[in-house]
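Commentary on secondary and tertiary structure
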Amino acid sequence: MSGDLSGFSMFDLFKEEARTHGEAISRGLVELESNPANKELIAALMRAAHSLKGAARIVGVDLAVGVAHAMEDAMVAVQNGEAVITPTRIDQLLAASDLLAQLIELEESGIDDWTMANVANADSLATDLRTPVTDAASEAVERNQDASEIPAEASSAPVVDEGSVRVTSSRLDQIMRLAGESLVASRRFQTVRDQLMMLRRRHGKFQSRLREARLREAETSEEALDQALREAARSELELAEHQDQLDVFLGKLEELADSLYNEVLGSRMRPFDEGISMFPRMVRDLSRDLGKKAILEIDGGAVPVDRDVLRELEAPLTHMLRNCVDHGVETTEERLANGKPEIATVKLNAYHQGGRLHVLIEDDGKGIDPEGIRRKVVDRGFADESVAEALTDRELYEFLFLPGFSTAKAVTDVSGRGVGLDVVQTMVQSMAGGVRISSVPGKGTTFHLTLPLTRSVVRALIADLGGESYAFPLTHIDRIEKIQEESIQSSENGRVVEVDGDQFSLLDTGAIMELDPVRPSRKIHTIITGSEDEAVALQVDSFLGEEDLLVRPLDKRFGRVPHLSSTAFRETGEPVLIVDVEDVLRSARRAVAEGAFATDVVSDTSTPVGPRVLVVDDSITVREAQRAILTRHGYEVDVAVDGAEGWERLQRGQYDLLITDVDMPGMNGIQFVQTLRAQTRFKDLPVAMVSYKDEESQRQEGLDAGATVYLSKHVINDSQFIDTVHSLLKHQ
Amino acid sequence: MQASMINQGSPINPSRKAVSSRHQNEVVQWLEALRSPESAALPSHPSLLFFRHAGEELALPAVIVGSVEMVGFTHRVPHREGPTLRGLAATNGDLLPLIDLSNAVGLDPDHQEDDRVPRLLVLSPLQSIESRWTTIVDIVHGVEMSDPETWSTSDTTSPYVKALVQTPRGTAKLLETDALLDSLAAVFQ
């Protein structure tokens, strides 16, 4: 270890060492359990325990010294052939490792309290570790006898230490910011060069004019004109020289900034291994608790991942791995009965592709039954039978990400409480990533995460939407196309365009993002994006160019804003909002599937003149479905995304009917309706409350709050919905 | 492209721009002086930033005003735009929430000022980024000390008005800071 360590106390350094050794021990022990005769691994574990003991001694944590010493003794006994590795011994060593891991979370001032609280436990562990364990020892060795002849796995091969430098995260952030700024700043010279070029061109014109004047003017001015021409020629020469110099300078600066940026970016990148070291142990413990047998195989452990991404990945990966073991992996008896190996394999694989980080979590368990989901979709009223029947497996798996949607027959302590996959999806989306499920019943399930490699600088296409700049990261763009208006066709699901023989749904990005609809134009500017089998053409007003953007988070007070990932400044200083293209695609797919977006596009051409309705719902799909139906029936519709915005709009506008959801973030529908009913001017406003919550008690709560009617969301596509609207407005 | 370079209302004429620029410098100097430790020790009358907006003469305690700036770029935020929350304003390398003061404190949002010299006020009540707001006002007059003894509270009916303050330009409504900040906080709830 080298570098300036002055900012760290001895205890900080100890904690870092304890973390490193602790992770190695925990991971090594899990590996040792399935390969107990691996002598190299035993030696490595013994050395790690020994180092930990020495480090603890230096900072005076005696209790840790004793435990690490006992761990070391246990390993030495195995090395000397005086003891064997058994599951019980592994448990004891893991328990000791867990105890030492607690130190990582402590402040130095808390050591005494920690020692007092753990004396008995540490003594007991040390005693256990020094007591011979004989249970199933010979069986364990015999079972794994063959393994001893297998060379050590690649993961336990010696790793060349390239040396490391410790940098505080705040300082690294600062360097990163500066490097990013310098990269962006260097690109600004492009503008200067363009300006110089323009000046040179203008100067050339000036010379031409002078020549013309010389031909026309009287001979007396000839000398003056000659002089002017000479000066103009000289200055043009100078300008050209400056431009050449600037080109050279620009090239060097860009190269320098790129190198600086790449170096710093590299220092931010950590091997994937570093963020997942706890998972083999977790899978092992969890499967044992559940009476199952499973091991975790890791591929791509050396793949570099931005440390922020790596840190934020921990929670979703934890949940998905737990989900695999809890729901995916069968019991040993079931596996054997199905002709599968007794021990299930869960694979965690990371790789880079197309400028994105891909992470796969794959199990060889029972898979997901799409028919089970389809039944649930119908039972829960998300779609009627005919619609559910038409859903593909992939579409059905999307339902697993809905809050509260779980196919688990029994809720367990591990997962299946209905608060899992939707949270996973939210976390992944907050990292500008996406998650998909694929599964083969009886064979297993795969979660596929795609994430940005880094979250600091993105190269993006800047597009104009409603007179403002929006950035679309290039990693999400297949290509851009300008299409003639005549080539747009109408289909059942909306507008379609054909590009190079491929057909794409043409979607109004402005409408999806609830901005102004894209301006009509002879030339349609489109961004082709999405996966191969369901790519779409997102329509924007115009293209403004391509730029490197230094990513900044949006002010936290805005919360998670649909369709946006972050903000940045353009080279001109103008702010730009960076679009979460995956999220736009999700909304677009939902809207197209509902037919809402297509209908909306068609209805844009007509001018609504009927009564004015305010629709308040936090789901864009539901909002747009209601808007489409109401607009089709001649109503003028405004929308709001939650109770607070609904309340604001209601106060400012004149509405004949309010339709509101119940479950919304911030001010929910019940609070919203109670608030408005407290005002005299809204006493008689008809209010339709619409919700998936359709039990009698919930209905009554809505009516008690002041709703005129309470409808189930299941009826939105039925005539009952529009009939109710007509009826409420007739009684106005 | 609109580029959101907000300069609403009448264009700024050059002479006014010069005056205003001088004015702005004075405001900045005042604010700096008021934030200095020495000024904190002064047993003084509070300093108020006087400005005109939506046809009303208004004032805010200078201590909550972080800066007064030329109006630069702004940007709407999809799904979050409302009558009060207008989007983001760029200021000194930050993007801060931009609010419509008229809606926040119940002024006439449709009022058009004839002689408008718009300025961006950065409100910074807690001196932290996450408590900063921006708003565009029609005209900034400057910072003046004011004796609370001369304030009148008898005619204030709005919860957003703390007192009426006499100035050479007429009566100014001193905005109630807490109520204003509560109103701003509510736009995100």
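Residues numbered from 1 in each chain as written. Chains lettered and ligands numbered in written order. Predicted model: local features only at pLDDT ≥ 70, side-chain atom pairs only at ≥ 80, totals over all residues. Heavy atoms only, no water.

Considering the overall build of chain B
Our working definition: Working definition: helices are DSSP H or I runs of at least four residues, strands are E runs of at least two. Numbering for both runs from the N terminus. Buried residues are those whose accessible area, probed at 1.4 Å on protein chains only, stays under 20% of the maximum for their type, while exposed residues exceed 50% and partly exposed ones sit between those limits. Contacts between residues were defined by any pair of non-hydrogen atoms, one from each residue, lying within 4.5 Å.
If you tally the helices and strands in chain B, you get 4 helices and 11 strands. Relative to its 189 residues, chain B shows a buried fraction of 50%. Long-range contacts, defined here as pairs at least 24 residues apart, represent 62% of the contacts in chain B between residues at least 6 apart.

What to know about the nonpolar core
Short version of the rule: Nonpolar cores were defined as sets of buried Ala, Val, Leu, Ile, Met, Phe, Trp, Tyr and Cys residues, with membership established by side-chain atoms within 4.5 Å.
Tyr470(A), Phe472(A), Phe51(B), Leu60(B), Leu101(B) and Leu121(B) are the most contacted members of the largest nonpolar core, which totals 58 residues. Examining the composition of this core, we find that 4 residues originate from one element, helix α19 (residues 581–594) of chain A, more than from any other. Among residues more than four places away in sequence, those in contact with Phe472(A) are Ala460(A), Leu461(A), Ala463(A), Leu465(A), Ile477(A), Thr509(A), Ile527(A), Leu538(A), Val540(A), Val579(A) and Val581(A). With 47 residues, the next largest nonpolar core counts Ile276(A), Cys324(A), Ile373(A) and Phe399(A) among its residues.

Observations regarding the environment of Arg374(A)
Residues and elements named next belong to chain A. With respect to the helices and strands, the residue Arg374 is situated in helix α14 (residues 370–379). On a C-alpha basis, the gap between Arg374 and Leu396 in space is 6.6 Å, while along the polypeptide they are 22 residues apart. Those residues within four positions of Arg374 in sequence are excluded, and the remaining contacts are Ala388, Glu389, Leu391, Asp393 and Leu396.

Quick look at the sheet that holds strand β11 (residues 170–175) of chain B
Residues and elements named next belong to chain B. Inclusion rule: Here, a strand pair is defined by DSSP locating no fewer than two bridges between the strands. In this analysis an axis means a line fitted to C-alpha atoms, helices contributing only their contacting stretch, and an angle means the value between N-to-C directions, from 0 to 180 degrees.
Strand order in the open sheet made by the 5 strands is β9-β1-β2-β11-β10, with mixed pairing throughout. Edge positions in the open sheet fall to β9 (139–145) and β10 (161–167), since each of these has one partner strand only. Ignoring which end each strand starts from, the neighbouring axes of this sheet average 30° apart. Of the strand pairs in this sheet, strand β1 (residues 47–53) and strand β2 (residues 56–61) are connected by 6 bridges, and their pairing is antiparallel. Note that in β2 the partner of Leu49 across the bridge is Leu60.

Concerning the packing of helix α12 (residues 307–328) of chain A against helix α17 (residues 421–430) of chain A
Residues and elements named next belong to chain A. Rule in force here: Orientation labels follow simple angle bins: below 35 degrees gives roughly parallel, above 145 gives roughly antiparallel, 65 to 115 gives roughly perpendicular, and whatever is left gives oblique. Each crossing gets its handedness from the near helix: less than a right angle anticlockwise from the far helix is left-handed, clockwise is right-handed. Ten residue types, Ala, Val, Leu, Ile, Met, Phe, Trp, Tyr, Cys and Pro, are classed as nonpolar, four, Asp, Glu, Lys and Arg, as charged, and the remainder, Gly among them, as polar.
Where α12 meets α17, the axes come as close as 9 Å, and the angle between the chain directions of the two elements is 150°. Taken together, the axes of α12 and α17 are roughly antiparallel relative to one another. For the pair α12 and α17, the sense of crossing is left-handed. Between α12 and α17, the residues in contact are Ala315, Pro316, His319, Met320 and Asn323 and Leu421, Val424, Met427 and Val428, respectively. Per-class residue counts for the contact of α12 with α17 are 7 nonpolar, 2 polar and no charged.

Regarding the environment of Leu286(A)
Residue and element names in this part refer to chain A. Looking at the element boundaries, Leu286 is found in helix α11 (residues 279–289). Take Leu286: its relative accessible area is 8%, and that puts it in the buried class. Considering only alpha carbons, one finds Leu286 and Val325, 39 residues apart in sequence, at a separation of 7.3 Å.

Brief notes about the interface of chain A and chain B
Using the following cut-off: When two components associate, each loses some accessible surface as probed by a 1.4 Å sphere; the sum of these losses over both components is called the buried area. By definition, a salt bridge exists where a carboxyl oxygen of Asp or Glu is found within 4 Å of a side-chain nitrogen of Lys or Arg. Polar contact criterion, stated in full: a pair of N or O atoms within 3.5 Å, where within protein one must be able to donate a hydrogen and the other to accept it, and residues adjacent in sequence count only if both atoms are side-chain atoms.
Every contact between the two is made by 41 residues of chain A and, on the other side, 35 residues of chain B. Across the chain A/chain B interface, buried area totals approximately 3000 Å², and carbon plus sulfur atoms make up 59% of it. The largest per-residue losses of area from chain A upon contact with chain B belong to Glu468(A), Arg557(A) and Phe558(A), which jointly make up 27% of the total buried on that side. Here Glu468(A) ties to Arg76(B) by a salt bridge, and the two come within 3.0 Å at their closest N and O atoms. If you look at where chain A meets chain B, you find 8 residue pairs in polar contact (both at pLDDT 80 or more). Residue assignment for the side of chain A that touches chain B shows that the elements contributing at least two residues are β8 (457–465), β9 (468–473), β17 (564–569), β18 (575–579) and α22 (643–652) of chain A. Per-element accounting of the side of chain A that touches chain B gives the leading share, 5 residues, to α22(A). By residue class, the composition of the side of chain A that touches chain B is 18 nonpolar, 8 polar and 15 charged.

As for a positive patch on the surface
Residue and element names in this part refer to chain A. So the rule is basically this: Patch membership is restricted to residues that have no salt bridge and whose relative accessible area is over 30%. Joining uses 9 Å for like charges and 5 Å for the nonpolar side chains Val, Leu, Ile, Met, Phe, Trp and Tyr. Note that accessible areas follow from Shrake-Rupley with a 1.4 Å probe, and for residues the cover is restricted to the protein chains shown. Under the convention used here, Asp and Glu are negative, Lys and Arg are positive, and both His and the chain ends fall outside the count. Where a charge lies is defined by one atom per residue type: Lys uses NZ, Arg uses CZ, Asp uses CG and Glu uses CD.
Taken together, the side chains of Arg201, Arg202, Lys205 and Arg209 make up a positively charged region of the molecular surface. With respect to the helices, strands and loops of the structure, Arg201 is situated in helix α8 (residues 169–216). Owing to a relative accessible area of 54%, Arg201 belongs among the exposed residues under this scheme.

Let's talk about the sheet that holds strand β2 (residues 294–299) of chain A
Residues and elements named next belong to chain A. Strand order across the open sheet formed by 5 strands is β2-β4-β5-β7-β6, with mixed pairing between neighbours. The open sheet terminates on both sides in strands that have one partner only, identified here as β2 and β6 (434–440). Sheet twist, expressed as the mean angle between neighbouring strand axes with direction ignored, is 15°. Bridge count for strand β5 (residues 356–363) against strand β7 (residues 444–452) is 8 bridges, and the pairing is antiparallel.

A few points about a negative patch on the surface
Residues and elements named next belong to chain A. There is a patch of like negative charges on the surface, built from Asp379, Asp384, Glu385 and Glu389. Checked against the element boundaries, Asp379 lands in helix α14. Here Asp379 falls in the exposed class, since its relative accessible area comes to 66%.

What to know about the pairing of β9(A)
Successive side chains on a regular strand alternate, one facing one side of the sheet and the next facing the other. All names here are of chain A. Where burial is concerned, most of β9 is hidden: 6 out of the 6 residues are buried. Taking every second residue as pointing to the same face, both faces of β9 are buried, with Glu468, Tyr470 and Phe472 on one and Ser469, Ala471 and Pro473 on the other. Adjacent in sequence and paired antiparallel, β8 and β9 are bridged by 2 residues, among which Gly466 carries a positive phi angle near 60°. Of the strand pairs in this sheet, β9 and β18 are connected by 2 bridges, and their pairing is parallel. Within β18, the position partnered with Tyr470 by the bridge is Leu577.

Some words on the pattern of salt bridges
All names here are of chain A. Scanning the model with the defined rule gives 41 salt bridges over all chains in all. Its salt-bridge partner being Glu72, residue Lys53 comes within 2.8 Å of it at the nearest N-O pair. Separated by 19 residues along the polypeptide, Lys53 in helix α2 (residues 39–58) and Glu72 in helix α3 (residues 62–79) bring together distant segments of the chain. Accessibility expressed as a relative area gives 9% for Glu72, which makes it buried. Among the salt bridges present, the one from Arg284 reaches Asp285, with a minimum N-O distance of 2.7 Å. Judged by its relative accessible area of 22%, Asp285 falls in the partly exposed class.

Some remarks on the packing of aromatic side chains
Rules: Ring geometry is summarised as follows: Phe, Tyr and Trp rings, the Trp one being its six-membered ring, pair when their centres sit within 6.5 Å, and such pairs are stacked at plane angles under 30 degrees, edge-to-face over 60 and tilted between the two. Our definition puts a charge over a ring when NZ of Lys or CZ of Arg is within 6 Å of the ring centre and also within 35 degrees of the ring normal.
By the definition in use, this model includes 1 aromatic pair over all chains. Summarising the aromatic geometry, the rings of Trp647(A) and Phe682(A) are spaced 5.7 Å apart at their centres and angled 65° between planes, so their arrangement reads as edge-to-face. Pair noted here: Trp647(A) is in helix α22 and Phe682(A) is in the loop between α23 (669–677) and β22 (687–691), with a separation of 35 residues, a long-range link. We classify Trp647(A) as buried; its relative accessible area is 13%. One residue, Arg557(A), lies across the ring of Trp133(B), its end atom 4.8 Å from the ring centre. Across from the ring centre of Tyr655(A), 4.5 Å away, lies the NZ or CZ of Arg612(A), which sits over that ring.

Some thoughts on the side chain of Ser287(A)
All names here are of chain A. Locating Ser287 in the fold gives a position in helix α11. A polar contact is formed between the side chain of Ser287 and the backbone oxygen of Arg284, at a distance of 3.0 Å. Apart from residues no more than four positions distant in its own chain, Ser287 is found in contact with Lys292, Lys293, Ala294 and Val325.

Some points on α12(A)
To be explicit about the condition: In a helix, the anticipated span is given by 1.5 Å times the number of residues less one. For a residue, the bend is simply the angle between two axes, fitted respectively to the seven-residue segment ending there and the seven-residue segment starting there.
Compared with an ideal rise of 1.5 Å per residue, which puts 22 residues at 32 Å, α12(A) spans 29 Å between its outermost C-alpha atoms and is within 8% of the ideal. Of all the bends in α12(A), the greatest, near 35°, is centred on Glu314(A), and the proline Pro316(A) appears no more than four residues after it.

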